[in-house]
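These are the residues of each chain, in order.
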Amino acid sequence: MTTISGPVHTLADVDGITAPESPCPSATRPGELIFVSRQGSFDNTDAVTPDGIRTQTECSLTRLARALLAFDARLDDVVSATEYRAGVRLGGAFNTVWKDAFGDHRTSRALVVTELLDPALLVEVQAVALIPRARNGKRAALQAHSEAKQ
């Protein structure tokens, strides 16, 4: 993973998702918010996993969770998500996998039915998460302690 801190926000490129030369990072963090770029169902070679909506949703949510971990966040920190689907009829299977991944955590969501980057791609997910202040403060304290040792 690569993180790049700027004056306003920090960018994270998660291995197997994005690289520093990618057009956008895996996630961006300005303050306590984390904005995760659209996560599709790609394997480590950037090929679409062709196994249908359930498998593609699982892969997209796994990639979302990995991008959140770059900033010590989890799926239950997500406050808003946008799902991009190739068809409205895919919602039943998508929602089943979503519920399995998020459990009782409910978040605001929007749906955009659109043509995706690859004809085999059925779903992509983008999200915004909020790191709770207690966890954010603990991370800042650990980072300050680490920097003091250097």
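1. Brief notes about the packing of aromatic side chains
(1) Moving on: Per the stated rule, a full pass over the model turns up two aromatic pairs.
(2) Moving on: Between Trp98 and Phe102 the ring centres are 4.1 Å apart and the planes differ by 10°, which places this aromatic pair in the stacked class. In this pair, Trp98 and Phe102 are both assigned in helix H2 (residues 91-102), four residues apart and thus about one turn of the helix distant. We note that Trp98, like Phe102, is buried.
(3) Moving on: Of the aromatic side chains, those joined through ring pairs into one cluster are Phe94, Trp98 and Phe102.
(4) Moving on: Looking at Arg38, its charged tip hangs above the ring of Tyr84, at a distance of 4.0 Å from the centre.
(5) Moving on: For Arg85, the ring lying beneath its charged end belongs to Phe94, and the centroid distance is 5.5 Å.

2. Considering the pairing of strand S2 (residues 10-13)
Two faces, one strand: in a regular strand the side chains alternate between the faces of the sheet.
(1) Moving on: When strand S1 (residues 2-5) meets S2, the two strands line up antiparallel, connected through four bridges. Bridge pairing in S2 links Thr2 to Asp13.
(2) Moving on: What sits between S1 and S2 in their antiparallel hairpin is a turn of four residues.

About the thresholds
Residues numbered from 1 in each chain as written. Predicted model: local features only at pLDDT ≥ 70, side-chain atom pairs only at ≥ 80, totals over all residues. Heavy atoms only, no water. Phe/Tyr/Trp six-rings, centres within 6.5 Å; stacked < 30°, edge-to-face > 60°. Helix = DSSP H or I, 4+ residues; strand = E, 2+ residues; numbered from the N terminus. Buried < 20%, exposed > 50% of the residue type's maximum accessible area, 1.4 Å probe, protein only. Lys NZ or Arg CZ within 6 Å of the ring centre and 35° of its normal. Pairing = 2+ DSSP bridges.

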